[in-house]
Amino acid sequence: MLIVFICWLLIWLLGIVCAIFFGLRQWITHHKQKLHSSSSEKRLHVGIFHPYCNAGGGGERVLWCAVRALQKKYDGIKIVIYTGDIDSTPSAILQKAKNVFNISFDIDQITFVFLKQRHWVEARKYPHFTLLGQSLGSIVMGLEAVCKFPPDIFIDTMGYAFTYPVFRFLAGSRIGSYVHYPVISTDMLKKVQFRQLAHNNKAYVARNPFLTWIKLTYYRLFSKMYKWVSRCSETIMVNSSWTENHIVDLFDVPLRTHRVYPPCDIAHLKKLEHVGRNNDILILSVAQFRPEKNHPLQLQALYELRTLLSRNEDLWNRIKLVIVGSCRNDDDYERLKNMQDLAKHLSLENSIEFKVNVSYDELLKLFQQSKIGIHTMWNEHFGIGVVECMAAGLIMIAHKSGGPLLDIIETSEGSQNGFLATDAIEYAGSILNIILNPPELNANIVNAARSSVERFSEKEFDDQFLRAISAIFV
């Protein structure tokens, strides 16, 4: 009797879910037809999902370059940008894009849909099962977006794959995606499986075999869900060899995958000349204040460098680490405050400068004043900041993994265009080598770096992006 009751209950619940789904789909279809009929001419509505479009990072350069490329290629399209930046105005967002990235477009053909449910994807809401929580939260945000404006074509440029079924099955949209990094990767699975400490694998989990088994099972189940929702995308663009390898490995969709390197502002940067700042030796870091960027490693490297220069105080006093980054929310500002506290704890506060949300002109000035660039993220999916530092004439030191290792930096003798390191001691050693190198050797590295970054230009991005996205415009 109980089994019969449970079966009827499940059938009843399934019926309710189906009724809600088809009712919502019917309403969205009617809303979509109404939007088209209200326009004086037949226009294609292209929705671009980028909830943090006002953040000012490398992902936002991809967004705005994609908007510009689409406007140049397709006449008469209406671009709708879904954003959660409810405290900003459309004019302020577009002005910031111009100031930070030096990008202009036809603002009359751009509409913003402001999403009030972005808080559901904030990591702080989910101290445990963060990936699942944020992914389910993105569905809520996606439902709000599709109800407010159902597009003909939906392009995700931030990696919220769980929104794809929402737009595909409710609005009948064709789906395209640009993946900066997979939400879950085989590297993450290995970190948990072999009980290694990482920003996504806390010590209390790594030490406990049972918790490790639970987390590994959770990751494996989540990767299957991630694979299913991602396959709703008809064309998948990836930003590097590292990302492509993981996406193909996870999804088994090589024919739908296109490697499209993110746009880097190299044309202007390659023209910059080094002017220095007084007698200082500036080391420049450009990255958002996010945990995976591993800014503390930069402070540790500077601490190790001070040890190496313990007998040369005059040289040490000339060295300054300038950390430039953007903050998206309170969590980022809290990380910045923790970094400032760590600098004081290591007695490095006089050797470090923090600069937040700087303008494009100020960033150009810092490029001209700096000699060395530093980037410390493990398995950086690509590394726009790495490329831009190289184009600006800085000698780059990046983590020996991910995009910098596979796509950007070459360390072989005769073709060296930068340095790779894995820990604070290696970073410190590379900085010291650059400082003590003969000027001719450093000049050769700079020239090689500037020559190598041409394949990451904005023009190359436009061409490859339009080629990959054309499949959903037919």
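Since we're looking at a predicted model, the values are computed, not measured.

A. Quick peek at the overall build of the protein chain. When helices and strands are tallied, the protein chain shows 19 helices and 13 strands. Here the protein chain has a C-alpha radius of gyration of 24 Å; the compact-globule value for 474 residues is 23 Å, and the two agree. Judged by the C-alpha coordinates and their principal axes, the protein chain covers about 80 × 60 × 40 Å. A buried classification covers 55% of the 474 residues belonging to the protein chain. Pairs at least 24 residues apart make up 71% of the contacts formed inside the protein chain by residues separated by at least 6 positions. A total of about 22,000 Å² of accessible surface is found on the protein chain, and carbon and sulfur atoms cover 56% of it. Between the mean site of the 52 positive side-chain charges and the mean site of the 45 negative ones, the protein chain shows a separation of 6 Å.

B. Local environment of helix H6 (residues 186-193). Across the 8 residues of H6, 6 count as buried, placing the element largely inside the fold. Lining the buried residues of H6 we find helix H4 (130-148), helix H8 (209-230) and helix H9 (241-251).

C. Expanded view of the packing of aromatic side chains. On inspection of all chains with the given rule, the structure shows 21 aromatic pairs. Each ring, one from Tyr261 and one from Phe382, has its centre 5.7 Å from the other, and the planes form 35°; the classification is tilted. Highlighted residues: Tyr261 in the loop between strand S7 (257-259) and helix H10 (266-269) and Phe382 in the loop between strand S11 (372-374) and helix H15 (384-391), separated in sequence by 121 residues. In this structure, Tyr261 and Phe382 share a single accessibility class: buried. Among the aromatic residues, those joined into a ring-pair cluster are Phe49, Tyr82, Phe154, Tyr160, Tyr164 and Phe167. If you follow Lys125 out to its NZ or CZ, it ends over the ring of Trp120, 4.8 Å from the centre. One cation-aromatic arrangement involves Lys191 over Trp378; the distance from NZ or CZ to the ring centre is 4.6 Å.

D. Structural view of the side chain of His180. Within the secondary structure, His180 sits in the loop between strand S5 (174-179) and H6. Residue His180 is classed as buried on the basis of its relative accessible area, which comes to 10%. Among all residues touching His180, those that are not within four sequence positions of it are Gly59, Val62, Thr157, Met158, Asn239, Thr243 and His381.

E. Expanded view of the pattern of salt bridges. A full pass over the atoms with the stated rule returns 17 salt bridges. Glu388 is the salt-bridge partner of Arg61, the closest N and O atoms lying 3.3 Å from each other. Highlighted residues: Arg61 in helix H2 (residues 58-73) and Glu388 in helix H15, separated in sequence by 327 residues. Glu388 sits in the buried class, given a relative accessible area of 8%. For Arg259, the salt bridge is made with Glu244, and the minimal N-O distance between the two is 2.9 Å. Separated by 15 residues along the polypeptide, Arg259 in strand S7 and Glu244 in helix H9 bring together distant segments of the chain. Given the relative accessible area of 36%, Arg259 is considered partly exposed.

F. The pairing of strand S10 (residues 352-356), seen in detail. Direction of pairing for strand S9 (residues 319-325) relative to S10: parallel, over a ladder of 5 bridges. Each residue of the ladder has a partner; that of Val324, found in S10, is Lys355.

G. Region of interest: the UniProt feature "domain: Glycosyl transferase family" (unreviewed entry) in the protein chain. What UniProt calls "domain: Glycosyl transferase family" (unreviewed entry) maps, in this numbering, to residues 278-451. Summarising residues 278-451: 50% helix, 17% strand, and an end-to-end C-alpha distance of 28 Å.

H. Examining unusual backbone geometry more closely. Positive phi is not limited to glycine here, since Asn294 has a value of about 55°. Even without being glycine, Asn379 reaches a positive phi, approximately 55°. Following the sequence through the fold, Asn379 ends up in the loop between S11 and H15. Taking relative accessible area as the criterion, Asn379 reaches 10% and is therefore assigned buried.

I. Region of interest: the sheet that holds S5. Taken in spatial order, the 7 strands line up as S3-S2-S1-S4-S5-S6-S7 in an open sheet, and their pairing is parallel. Because the sheet does not close on itself, it has two edges, and the strands there are strand S3 (110-114) and S7. Taken over all neighbouring pairs, the strand axes of this sheet differ in orientation by 20° on average, direction set aside. Relative to S3, strand S2 (residues 78-83) runs parallel, the two sharing 5 bridges. Paired with Thr83 across the two strands is Phe114, which belongs to S3. H2 rests against strand S1 (45-49), S2, S3, strand S4 (153-156) and S5 of the sheet, and its axis sits at about 165° to S2.

J. Summary view of the nonpolar core. Judged by nonpolar contacts, the single largest core of 42 residues is most densely connected at Phe49, Tyr82, Phe167, Ile184, Tyr219 and Tyr226. Top contributing element to this core by residue count: H8, with 6 residues. Residues in contact with Tyr82, not counting those within four places in the same chain, are Gly47, Ile48, Phe49, His50, Pro51, Val113, Leu115, Ala145, Phe149, Pro151, Phe154 and Phe167.

K. Looking closely at a nonpolar patch on the surface. Residues Ile6, Leu9, Leu10, Trp12, Leu13, Ile16 and Ile20 make up a contiguous nonpolar surface patch of roughly 660 Å² in combined accessible area. With respect to the element layout, Leu9 can be found in helix H1 (residues 2-38). In this structure Leu9 comes out as partly exposed when scored by relative accessible area, which is 36%.

L. Inspection of the domain arrangement of the protein chain at higher detail. When its domains are assigned, the protein chain resolves into domain 1 (40-263 + 459-472) and domain 2 (269-456). At the junction of the two partners, domain 1 supplies 29 residues and domain 2 supplies 19 residues. In total, about 2,100 Å² of surface goes out of reach between domain 1 and domain 2, with carbon and sulfur atoms giving 59% of it. The interface formed by domain 1 and domain 2 holds 2 salt bridges in total. Along the contact surface separating domain 1 from domain 2 lie 11 residue pairs in polar contact (both at pLDDT 80 or more). Of all the elements in the fold, those that place two or more residues in the side of domain 1 that touches domain 2 are H2, helix H3 (90-101), H6 and H9. Counting residues per element, the side of domain 1 that touches domain 2 draws most heavily on H9, which supplies 4 residues. The residue inventory of the side of domain 1 that touches domain 2, partitioned by class, reads 9 nonpolar, 12 polar and 8 charged.

What counts as what
- Residues numbered from 1 in each chain as written.
- Predicted model: local features only at pLDDT ≥ 70, side-chain atom pairs only at ≥ 80, totals over all residues.
- Heavy atoms only, no water.
- Helix = DSSP H or I, 4+ residues; strand = E, 2+ residues; numbered from the N terminus.
- Rg over C-alpha atoms; globule rule 2.2 N^0.38 Å.
- Buried < 20%, exposed > 50% of the residue type's maximum accessible area, 1.4 Å probe, protein only.
- Contact = heavy atoms within 4.5 Å.
- Areas by Shrake-Rupley, 256 points an atom, 1.4 Å probe, with all protein chains shown as cover.
- Lys, Arg positive; Asp, Glu negative; His and termini not counted.
- Charge placed at Lys NZ, Arg CZ, Asp CG, Glu CD.
- Phe/Tyr/Trp six-rings, centres within 6.5 Å; stacked < 30°, edge-to-face > 60°.
- Lys NZ or Arg CZ within 6 Å of the ring centre and 35° of its normal.
- Salt bridge = Lys/Arg side-chain N within 4 Å of Asp/Glu carboxyl O.
- Pairing = 2+ DSSP bridges.
- UniProt positions renumbered as here; feature names shortened; annotations may be inferred.
- Axes fitted to C-alpha atoms, helices over the stretch in contact; angles between N-to-C directions.
- Core = buried A, V, L, I, M, F, W, Y, C linked by side-chain atoms within 4.5 Å.
- Patch = residues over 30% accessible without salt bridge, like charges linked within 9 Å, V, L, I, M, F, W, Y side chains within 5 Å.
- Domains from an automatic or database assignment.
- Buried area = accessible area lost by both parts, 1.4 Å probe.
- Polar contact = N/O pair within 3.5 Å; in protein donor to acceptor, adjacent residues only side chain to side chain.
- Nonpolar A, V, L, I, M, F, W, Y, C, P; charged D, E, K, R; others polar.

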